[in-house]
Amino acid sequence: KRDGKVCTNPTRKRVTDIDRFPHPDWDNWCIEEYINQEQVTGINLGRMIPILGSRGCPYGCKFCSNEQMWTKRYVMRDPKGLTDEMEMMKSKYKVTGFTFMDSTFIVNRQKTLAFAKELIARNLNVTYQLPAGTRCEAFDTELATNLAESGLRNFAFAPEAADKNILEAIRKQIEIPKLIDAI
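These numbers were taken from a predicted model, which means no experiment stands behind them.

1. Considering the nonpolar core
Logical step 1: In terms of nonpolar packing, the biggest core is built from 37 residues, with Met86, Phe98, Phe100 and Phe115 touching the most fellow members.
Logical step 2: In this view, methionine 86 contacts Ile51, Phe98, Phe100, Phe115, Leu119, Leu124 and Val126; residues no more than four positions away in its chain are not counted.

2. Topic: helix α4 (residues 109-122)
Logical step 1: Here α4 contains 14 residues, and its C-alpha end-to-end distance of 20 Å stays within 8% of the 20 Å for a straight helix at 1.5 Å per residue.
Logical step 2: Among the residues making up α4, those that are buried are Thr112, Leu113, Phe115, Ala116, Leu119 and Arg122.
Logical step 3: If you follow the buried residues of α4, they end up packed against β3 (75-76), α3 (79-93), β4 (97-100), β5 (127-134) and α5 (141-150).
Logical step 4: The N-cap of α4, judged by a side-chain oxygen 3.1 Å from the amide nitrogen of glutamine 110 a few residues on, is asparagine 108.

3. What about the packing of aromatic side chains?
For any two aromatic rings, the description comes down to two numbers: the centre-to-centre distance and the angle of the planes.
Logical step 1: On inspection of all chains with the given rule, the structure shows 11 aromatic pairs.
Logical step 2: Pairing phenylalanine 139 with phenylalanine 157 gives two aromatic rings, centres 4.9 Å apart and planes at 80 degrees, and the pair type is edge-to-face. Placement of phenylalanine 139 in the loop between β5 and α5 and of phenylalanine 157 in strand β6 (residues 152-157) is noted, with a sequence separation of 18 residues between them.
Logical step 3: Overall, phenylalanine 139 belongs to the buried group, its relative accessible area being 6%.

4. Focus on the pattern of salt bridges
Logical step 1: Using the criterion set out here, one finds 13 salt bridges in the structure.
Logical step 2: Taking the shortest distance from any N to any O, the salt bridge between arginine 77 and glutamate 85 comes out at 2.6 Å.
Logical step 3: Between lysine 80 and aspartate 84 there is a salt bridge; the shortest N-O distance is 3.4 Å. Of this pair, lysine 80 and aspartate 84 both sit in helix α3, four residues apart, which is roughly one turn of the helix.
Logical step 4: Residue classification places aspartate 84 among the partly exposed residues on the basis of a relative accessible area of 29%.
Logical step 5: Within this structure, Lys80, Asp84, Glu87, Glu118 and Arg122 form a network of salt bridges that share partners.

5. Quick notes on α3
An α-helical turn contains 3.6 residues, so a residue and the one three or four places further along point in the same direction.
Logical step 1: For α3, built from 15 residues, the straight-helix expectation of 21 Å at 1.5 Å per residue is met to within 8% by its first-to-last C-alpha distance of 21 Å.
Logical step 2: Within the span of α3, buried status applies to Pro79, Leu82, Thr83, Glu85, Met86, Met89 and Tyr93. Projected down its long axis, α3 shows its buried positions confined to an angular sector of 155 degrees, all on one face.
Logical step 3: On its buried face, α3 is in contact with α1 (31-36), β1 (48-51), β4 and α4.

Analysis parameters
Residues numbered from 1 in each chain as written. Predicted model: local features only at pLDDT ≥ 70, side-chain atom pairs only at ≥ 80, totals over all residues. Heavy atoms only, no water. Core = buried A, V, L, I, M, F, W, Y, C linked by side-chain atoms within 4.5 Å. Buried < 20%, exposed > 50% of the residue type's maximum accessible area, 1.4 Å probe, protein only. Contact = heavy atoms within 4.5 Å. Helix = DSSP H or I, 4+ residues; strand = E, 2+ residues; numbered from the N terminus. Expected span 1.5 Å × (residues − 1). Polar contact = N/O pair within 3.5 Å; in protein donor to acceptor, adjacent residues only side chain to side chain. Phe/Tyr/Trp six-rings, centres within 6.5 Å; stacked < 30°, edge-to-face > 60°. Salt bridge = Lys/Arg side-chain N within 4 Å of Asp/Glu carboxyl O. Arc of directions from axis to C-beta.

Structure, rendered in structure tokens:
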């Protein structure tokens, strides 16, 4: 409030170079207590910690706040840098699993595949999950195989509905036949 009136700040320019952000400062957090209390979204796969691999979503589902927070521009972190962070977390904090807190992680097939292959090449022996749900458009046998081999152990597709009228009403932009193929 300013002079008793509500002020609305202008929209700030969105940061799109998310690879330049430093890793979260887990040293100043009670990380052992966090891990011991199993504070994870999804299922507990061991010594889990949250991580972000992307920002945004190119879709505009009516029920989602993502468009207002990050806009419809989807930006995925560099697969090597993302794997570097995971490797550091494993080494420094003895983390064995990661929960991706992304709105939808799998949008860019090429980068997702590169991420999975980077994890496989490094043989980190970690697991990860995508509990918030993800899109189905990028899925095919090659991607699914590499994701499983790289440590993906839990994920959900997020169709929200199978009725064409409901999908149109919520602006989901999903093709049910593609979802069935992905499954």
